[in-house]
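Commentary on secondary and tertiary structure
As a plain string of letters, each chain reads:
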Amino acid sequence: MRTMEQRLLHERLEFEGSDRQRLQRPVWMTLAVNAAQAIWHSVVDGLMGGSDLRVWQSRDRHGQLWWHLYDPKTGESAQVSSEEEALNWIEESYYRKPQPLEDLPW
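Below is a summary of the structure that appears in this document. (Residues numbered from 1 in each chain as written. Predicted model: local features only at pLDDT ≥ 70, side-chain atom pairs only at ≥ 80, totals over all residues. Heavy atoms only, no water.)

1. Some remarks on the nonpolar core
Cut-off, in case you're wondering: We call a set of buried residues a nonpolar core when its members are Ala, Val, Leu, Ile, Met, Phe, Trp, Tyr or Cys and they connect through side-chain atoms within 4.5 Å of each other. The rule is simple: take the accessible area with a 1.4 Å probe, protein chains only, and divide by the maximum for that residue type; under 20% is buried, over 50% is exposed, in between is partly exposed. Strands are runs of DSSP state E lasting at least 2 residues, helices are runs of H or I lasting at least 4, and numbering of each runs from the N terminus. It only takes one pair of heavy atoms within 4.5 Å for two residues to be counted as in contact.
Counting residues in each nonpolar core, the largest one holds six residues, listed as W67, L69, A78, V80, A86 and W89. Within the residue set of this core, elements represented by two or more residues are strand 2 (65-71), strand 3 (76-80) and helix 3 (83-93). When near neighbours in sequence (up to four residues on either side) are disregarded, A86 contacts W67, L69 and V80.

In structure tokens, the structure reads:
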């Protein structure tokens, strides 16, 4: 029977191990996850008719944080590596001309 300290250590090591596995996943898996997220956001936008700016984060297999931005009003999107770049893109998106409805992808 394990002591409480041994159980906690075991759980912590399992958690840390899962973090390493997540960071070392194959490139194709990272690309698939990112593509699935993009598709999901497109479906949600199409169903909800949302025109709000969408922002979400992901990490690549090296642990690098990426900001993904999508403006359904203009159809433009971006992927940047810093919060500052994301904020700049959002501010610039305010001044972009909306895309006509017939030109939208759905």
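Having put the structure on the table, let's press on.
2. A word on the pairing of strand 1 (residues 54-59)
Applied cut-off: When DSSP finds two or more bridges between two strands, those strands count as paired.
Pairing analysis gives six bridges linking strand 1 to strand 2, with the strands arranged antiparallel. Bridge pairing in strand 2 places S58 opposite W66. In this structure, the hairpin formed by strand 1 and strand 2 is closed by a connection of five residues, where G63 is found at a positive phi of approximately 90°.

Everything listed is a geometric property; what it means functionally is a separate question.
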